[in-house]
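Architecture and fold: a report
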Amino acid sequence: MLTPLPDTVQEQLDKSIKYGLDGIIVYVDEAGKEPAFYAAGYKNRENKIPADPHSLFKIASISKLYDAVAITKLVSDGRLSLDKTLADYFPELLGRIENADKITLRMMVQHRSGIPNLTDTPNFWAEPPSSSKEALERVLDLPADFAPDAKYRYSNTNYLLISMLIEKVTGADVFQTIKKEILDPLGLKNTFGGVTEENIDDVMSGYYVGIEEDIKAGDYGTKLTSMVASAEDVGIFLRALNDGSVFNDGEQEIYSSIYVYEHTGLMPGYMSIAKYHKDIDTVVVQFVNTTDFQGLHWSTMEIVYRRVVKIVKKHHND
């Protein structure tokens, strides 16, 4: 892909499809300009349905940004404490998760807990758990990766526990809390808690290299992998996160102390990047519906993203 930079984002996406990507969507929100929508390749390969920039997409770990905002609001309201431990909130996990009495909520949000990553357990994706409870059971009684707060290591188990905690404190499904606290105030109508009967036709197909069929209907049984959204909805949320408008008084200071302002996502069939570029006051969201888990397609996606951002920056002052 070390070719001259094309003049337009659309040209870049059209070229990118030749590198083994089935479909790609890009949303660009540049301050002072109308949002731009781009797509190339297929929404559905089998039926030759072209990619639609307004399709829904499984956003995978981008949803952690929404979870962290929800935690921030519960902390601000005094309903949760960042310094309370996992054992304080889930006494039944004492002795089942090593150091449960020393791991704080803050450490879980920041991936500094040492709790093993459930998606790294044997056959997680090939034989997925049927529920969050079953997913958690895969890491119970395993030794800690490291002592609490000793280092950073990304672990999806942290956010499974965070989702369970949000539900325990609010008495509502975690997505309902996200909807009430984030989506409704921002007017976001194209973000959903999962691939449901109502919107599955709107969801972009997902493909894994070597498997012919569309795998979008796959449900991996946990709160981690369920959210679907349009690139525009993710982009609007990301701008609100970065400019602080998603927060009430005092909340942004809490959030800034615990989590990041951009994210990527990866699950079978779906890869995504959502970032705000402060130097040009622009949000760029990119979705790709092809994965291989060997890193090749991820690298391709990152290269495409960097080139898209370069093109946007080149035209910034036009």
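Thresholds, definitions, all that
Residues numbered from 1 in each chain as written. Predicted model: local features only at pLDDT ≥ 70, side-chain atom pairs only at ≥ 80, totals over all residues. Heavy atoms only, no water. Pairing = 2+ DSSP bridges. Helix = DSSP H or I, 4+ residues; strand = E, 2+ residues; numbered from the N terminus. Contact = heavy atoms within 4.5 Å. Axes fitted to C-alpha atoms, helices over the stretch in contact; angles between N-to-C directions. Buried < 20%, exposed > 50% of the residue type's maximum accessible area, 1.4 Å probe, protein only. Salt bridge = Lys/Arg side-chain N within 4 Å of Asp/Glu carboxyl O.

**Re the sheet that holds strand 1 (residues 23-30)**
Read across the open sheet, the six strands follow the order 3-2-1-10-9-8; overall the sheet is antiparallel. The open sheet has two free edges, formed respectively by strand 3 (49-50) and strand 8 (263-267), since each of these has just one partner strand. Relative to strand 10 (residues 282-288), strand 9 (residues 270-277) runs antiparallel, the two sharing seven bridges. Bridging from a neighbouring strand, A274 pairs with V285 of strand 10. Of the strands in this sheet, strand 1, strand 2 (36-44), strand 9 and strand 10 are in contact with helix 8 (residues 231-243), which crosses strand 10 at around 145 degrees. Docked against the sheet, helix 10 (residues 296-314) engages strand 1, strand 8, strand 9 and strand 10, running at close to 30 degrees with respect to strand 9.

**Section: unusual backbone geometry**
Of all residues except glycine, most have a negative phi; of all peptide bonds, most are trans. Of note in the backbone geometry, N123 takes a positive phi value of approximately 60 degrees without being a glycine. Turning to its location among the elements, N123 is positioned in the loop between helix 4 (105-109) and helix 5 (132-137). Despite not being glycine, D281 shows a phi value in the positive range, around 50 degrees. Within the secondary structure, D281 is located in the loop between strand 9 and strand 10. Under the relative-accessibility criterion, D281 is labelled partly exposed at 29%.

**Let's talk about the pattern of salt bridges**
Within this structure, the stated rule accounts for 14 salt bridges. A salt bridge links R239 to D281; its shortest N-O distance comes to 2.8 Å. Of this pair, R239 sits in helix 8 while D281 sits in the loop between strand 9 and strand 10; the two residues are 42 residues apart in sequence, bridging distant segments of the chain. One connected set of salt bridges, linked through shared partners, spans D29, R239 and D281.

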